[in-house]
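Structure assessment
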Amino acid sequence: MSPLDEMKSVPDVSSPETEGVLELRSLRVTDSHPAGARRLVDDVSLRVGQGEILGIVGESGCGKSMTAMAIMGLLPKGCAITSGSILLGGRNISALQPSEYNRIRGKEIGMVFQDPMSSLDPTQRVGLQVADSLRVHTDTKSRAARVRVVETLESVGLPEPAKVADSYPHQLSGGMRQRVMVAMAILCGPRLLICDEPTTALDVTVQKQVLDLLRGIRDSFGTSIVLITHDFGVMARVADRVAVMYAGQLVEEAPMGDFYRSRAHPYSDALLRAVPTLHGTRSARLWAIPGTPPTPAAHREGCGFADRCVNVRADCLNAVPALAKGPSPHHRLRCLHPVEPADGASTSSTEQGVGQ
Amino acid sequence: MTDPLLQLDHVRVRYRTRRMSFKGAVVYTDAVRDVSLELGEGQTLALVGESGSGKSTTARVAVALERPTSGRVLFDGNDLALIGRAQLRDLRSQFQIVFQDPHSSLDSRMQVLDLIAEPLVIHKWGNTGSREARVHQLLDEVGLPRATTGRQPHQLSGGQRQRVAIARALALNPRLIVADEPVSALDVSVRAQILNLLSDLQKQHNLSYLMVSHDLALVNHTAQFVAVMFRGSIVESGPCDQVITSPAHPYTRALVEAVPSPDPAMVSPAGTVREWPEHASGLGCQYANRCPQARGTCFDTAPPVVELQLGRSVACHFPLVAGTTTAPTTSTPNTGA
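Now for a look at the structure at hand. Remember, predicted model here, so these are calculated numbers, not experimental data. (Residues numbered from 1 in each chain as written. Chains lettered and ligands numbered in written order. Predicted model: local features only at pLDDT ≥ 70, side-chain atom pairs only at ≥ 80, totals over all residues. Heavy atoms only, no water.)

Residues and elements named next belong to chain A. The mixed open sheet is built from 8 strands, whose spatial order is β6-β7-β8-β3-β9-β10-β12-β11. For this open sheet the edge positions go to β6 (109-112) and β11 (324-325), each flanked by a neighbour on one side alone. In the packing of helix α8 (residues 174-186) onto the sheet, the strands contacted are β6 and β7 (192-196), and the crossing angle to β6 comes to about 170°. (Pairing = 2+ DSSP bridges. Helix = DSSP H or I, 4+ residues; strand = E, 2+ residues; numbered from the N terminus. Contact = heavy atoms within 4.5 Å. Axes fitted to C-alpha atoms, helices over the stretch in contact; angles between N-to-C directions.)

Quick look at the structure:
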């Protein structure tokens, strides 16, 4: 099935009245591997509405970070968008020149990365670094910029923002540094915020606060957020909609609540069951997925998850399943033999059973 | 209760910092202050806490990778500081450690056969033939194909590498395994495999685990006992289910509340913990500055360790759970050295 045909068969998931801030259309990213270009992101179509938080979940190598990098125009050397397009507010940004991308990045798209310590310059005061994007994108004078920076630092919940602005990164705690990164990302009032594992390097108590901050930013500025994570707990706390990626492809997408209750892809289901929770019985064995996540491939014959799947049948190996309508409204699914939704929600393993 | 396999008795680990005080005196910092714990045969004790809480240092002290500045470490009744080098070397075969990141803990130039046989060689166990047979047996136990022996770590996946690290730790039939964040570097779908493997091995060999983790949900699943650490001290300890379902220390409660649930219907309300200030007052409770219910006493007196019930204790002036015995135990740690 060609990507075009598939686009037609896919129902429009966002409600029609919301103008998509970000739209990915059959995006494909490949690298230049000596044994043939491998598809790192394979035919991904997604839409993020105004003020919506979309979570992309997956394991290492599933293509979630590559998708984020493609949106930000920061694909590593050797990787390129080979087909499909990225629309930001209706404008195709996938073919922009680097200099044109510089005008968008930081201004229309804000970015928050995993490790704030390596994203910040250790030799420069925080306030100056945060002000960088103002200097690049606007002609704000330095005094006005300083005022704006302090205001923004305050809006991300930092105490004594003026003092923070005069600090060096090492003088701040991990949580404070990540708040500084968020301030830097929202300074120019972007419509879209891309957060790639924003809390993975933080302690749990701090993680929760940073996640609440992201939600607060969406609530007060109407910013759309794409949150990349491997952690369903993080996802459940902030995302409105969740997209699961496996082997470069989108395998399931649904509103958060629907996803948890009626996830239908065997991978999504197994992944959720494999996560230990606080409400589980301790002695029960964890639900383990056999095998290991796949490495990128040039071409797949059948479903990427087939060799680890409990529901696998002969037809799974013949063709890559299409992304079709799932069991609940606004639900998309790429699977020929999905798990039963009823089973997924109620009689699942001990940990989910109690968690209802 | 029989004698514990591992016992830490008022252990303190003090490091010299690069900082100098105003008068030019050397400044020390306590990574672990007055930690006491016990681990019985075949049991799992988890050390939980945020980064910098001293949980890894405590684990390293337990397997003699680090010497305590004061206090005693007893393994099977032997004080690790008093026995001789040769004896310690012999004893080391009985306690092993599995590190967080198998990528950096395994020598990338060695083959799996040599990696797993290395402890056998060091302890002069058997000959080449019998060692190879032992390696094959270990590979079976950790669920790796025997053909893995000729591979190098970079040819293996993260989960396979961690299996090699576990096989290596098992080689000398230890009684205690310290696992420092054994699955946090692994993919979610692989974590469960490794945790199940650890639990199977524990049953087969009656192993004791001292597990270091920042993930309370994972601890809830794998450990019978938990000790919650904050800034070098154990603030609460006891049976895992009790500590998690009814935490007695405000910090434990904050940790429990912060664990993200994958069920959107169970998302906890916005935070109650203060993230800053970072630095605690010297005298009082280390947690006082972040504690939502700190009162006057908390800032100037260190809380005594109170035994709530048998095997469950908390170091807090105002515990959230009333105990059956509220009298302080004989030991009053945290008296501020």
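Now that the structure has been shown, we can carry on.
Right, let's talk about helix α12 (residues 266-274) of chain A for a bit. Burial within α12 of chain A is extensive, with 9 of its 9 residues counted as buried. For α12 of chain A, every residue scored as buried is listed here: P266, Y267, S268, D269, A270, L271, L272, R273 and A274 of chain A. (Buried < 20%, exposed > 50% of the residue type's maximum accessible area, 1.4 Å probe, protein only.)

Quick look at unusual backbone geometry now. All names here are of chain B. Notably, D34 is not glycine yet its phi reads approximately 55°, a positive angle. Relative to the elements of secondary structure, D34 occurs in strand β2 (residues 26-39). With a phi close to 55°, N173 is a non-glycine residue in the positive phi region. Position of N173 relative to the elements: it lies in the loop between α6 (158-170) and β7 (176-180).

Another point: the sheet that holds strand β3 (residues 44-48) of chain B. Residue and element names in this part refer to chain B. Pairing is mixed in the open sheet, where 8 strands are placed in the order β6-β7-β8-β3-β9-β10-β12-β11. Only two strands of the sheet have a single neighbouring strand rather than two, namely β6 (95-98) and β11 (305-309). Strand-to-strand twist of the sheet, defined as the mean angle between neighbouring strand axes without regard to direction, takes the value 20°. Examined bridge by bridge, β3 and strand β8 (residues 208-213) share 5 bridges and lie parallel to one another. Each residue of the ladder has a partner; that of V48, found in β8, is S213. The strands touched by α6 within the sheet are β6 and β7, with β6 carrying the most contacts at an inclination of about 170°. Against the sheet, helix α7 (residues 188-205) makes contact with β3 and β8, and its axis sits at roughly 155° relative to β8, the strand it touches most.

What follows deals with the pairing of strand β9 (residues 225-230) of chain B. Residue and element names in this part refer to chain B. Burial analysis of β9 places 5 of its 6 residues in the buried class, the great majority of the element. Alignment of β3 against β9, held across 4 bridges, turns out to be parallel. Residue pairing across strands places L45 opposite F225, the latter belonging to β9. Of the strand pairs in this sheet, β9 and strand β10 (residues 233-239) are connected by 6 bridges, and their pairing is antiparallel. Paired with F225 across the bridge in β10 is P239. As consecutive antiparallel partners, β9 and β10 are separated by 2 residues, and within that stretch R231 has a phi angle of approximately 45°, a positive value.

The next subject is the interface of chain A and chain B. Facing 52 residues of chain A, the contacting portion of chain B comprises 47 residues. Summed over both partners, the interface of chain A with chain B buries about 4100 Å², with 58% contributed by carbon and sulfur atoms. Our count for the contact surface shared by chain A and chain B stands at 0 salt bridges. Linking chain A with chain B are 9 residue pairs in polar contact (both at pLDDT 80 or more). For the side of chain A that touches chain B, the secondary-structure elements that each account for two or more residues are α8, α9 (204-221), α10 (232-238), α11 (256-262), α12 and α14 (350-355) of chain A. (Buried area = accessible area lost by both parts, 1.4 Å probe. Salt bridge = Lys/Arg side-chain N within 4 Å of Asp/Glu carboxyl O. Polar contact = N/O pair within 3.5 Å; in protein donor to acceptor, adjacent residues only side chain to side chain.)

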